[in-house]
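# An overview of the molecular structure
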Amino acid sequence: MADKDAKKGGEGGEGAAAAAPAAPVNFLPPPQPTTNKDNVDWCANMMWKSKDDISYTVSRKAATQSGLVSDATKDESEGDQTEVPITDVDGNTLKYIVQWIEYHKDAPMEEIEKPLKDKKIIKIKDDDETIVSAWDYLFLTTDLVRAGDIKQHDILVDVIMAANYLDIKPLLELSCAAMADIVRNKNRQELCDLFGIENDFTADEEKRAREQNSWQEEKAGAAAAAGGDAAKAGGGAAAGKK
């Protein structure tokens, strides 16, 4: 089972995450492309080829985590020279997919608790605690969110799209949770800055937009209050039965 101990340390500047947990000894960099097929053990492995013709060796056990590949290779046998075209993913993104599935073939990712609420995937402040394993935290913050800087998240977006295409549900859940963690509690201007979008709303237009959507905030607040009241009532009823 992956190490769940996320150690704290260091200071994070604006947009940058706090220091990552100590690297597990089994955290290896993404794989290098395979250029010589003669060295591939086809009984234990297959090849995945990206849309820009970059190939990676993938163990058959790791490949089962992809619903798309499992369906495409269901009639293949061990020993077949199985080469799977991954037509919607480029080579630079595919290497991170292979890195993740090769690690998790023997260490299944624990389900992420939902809703996230105050739980953190990417640590921004030193007193934040991440709820993912040390390995997954390093996977997210080494390259996908480069050096933990949430403004440099382009590879994370590519991995989300690739995990969705390849039907790797745990990786999709992890990467989407990381993106949700990055964008939550940010106002319009902060989101525009994060994604490099020009905010062309005037002050009056922003005010009107907030007024038009205020009912949604009120509805959310009322639902949260109702949930809290229901929980208290349930707790009181349980206490009364003792």
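Before any of the text, the structure's been laid out above.
As the structure is a computational prediction, the values presented were derived from the model and not from experiment.

Further remarks concern the overall build of the chain. Assigned secondary structure in the chain consists of 9 helices and 3 strands. For the chain, the sequential pattern of α-helices and β-strands runs β-β-α-α-β-α-α-α-α-α-α-α. Here the chain holds 242 residues, and 37% of them are scored as buried. Partitioning the contacts of the chain with sequence separation of at least 6, the portion at a separation of at least 24 is 64%.

We now examine a negative patch on the surface. Together, Glu198, Asp200, Asp204 and Glu205 make up a region of like negative charge exposed at the surface. Assignment of secondary structure puts Asp200 in the loop between helix 7 (188–195) and helix 8 (203–212). Its relative accessible area of 59% is what places Asp200 among the exposed residues.

Position of Ser66 relative to the elements: it lies in the loop between helix 1 (60–63) and helix 2 (67–72). A distance of 3.1 Å separates a polar side-chain atom of Ser66 from the backbone nitrogen of Val69. Reaching out from Ser66, the side chain makes a polar contact with the backbone oxygen of Leu166 at a distance of 2.7 Å. Excluding residues within four positions of it along the chain, Ser66 makes contact with Trp48, Leu166, Asp167 and Ile168.

Moving on: the pattern of salt bridges. Counting across every chain of the model gives 6 salt bridges. In this structure, Lys105 engages Glu102 in a salt bridge whose closest nitrogen and oxygen atoms are separated by 2.9 Å. Since its relative accessible area comes to 27%, Lys105 is described here as partly exposed. For Glu102, a relative accessible area of 22% corresponds to the partly exposed category.

Another point: the packing of aromatic side chains. For the structure on display, the rule yields 3 aromatic pairs. Judged by centre distance (4.2 Å) and plane angle (5°), the ring pair of Tyr103 and Trp135 falls under stacked. Separated by 32 residues along the polypeptide, Tyr103 in helix 3 (residues 91–104) and Trp135 in helix 4 (residues 134–144) bring together distant segments of the chain. Like Trp135, Tyr103 is buried. When the ring of Trp135 is compared with that of Phe139, the centres are 5.6 Å apart and the planes differ by 10°; the resulting orientation is stacked. Of this pair, Trp135 and Phe139 are both found in helix 4, 4 residues apart, which corresponds to roughly one turn of the helix. Trp135 sits in the buried class, given a relative accessible area of 3%. Members of the aromatic cluster, connected to one another through ring pairs, are Phe27, Tyr103, Trp135 and Phe139.

About the criteria used
- Residues numbered from 1 in each chain as written.
- Predicted model: local features only at pLDDT ≥ 70, side-chain atom pairs only at ≥ 80, totals over all residues.
- Heavy atoms only, no water.
- Helix = DSSP H or I, 4+ residues; strand = E, 2+ residues; numbered from the N terminus.
- Buried < 20%, exposed > 50% of the residue type's maximum accessible area, 1.4 Å probe, protein only.
- Contact = heavy atoms within 4.5 Å.
- Patch = residues over 30% accessible without salt bridge, like charges linked within 9 Å, V, L, I, M, F, W, Y side chains within 5 Å.
- Areas by Shrake-Rupley, 256 points an atom, 1.4 Å probe, with all protein chains shown as cover.
- Salt bridge = Lys/Arg side-chain N within 4 Å of Asp/Glu carboxyl O.
- Lys, Arg positive; Asp, Glu negative; His and termini not counted.
- Charge placed at Lys NZ, Arg CZ, Asp CG, Glu CD.
- Polar contact = N/O pair within 3.5 Å; in protein donor to acceptor, adjacent residues only side chain to side chain.
- Phe/Tyr/Trp six-rings, centres within 6.5 Å; stacked < 30°, edge-to-face > 60°.

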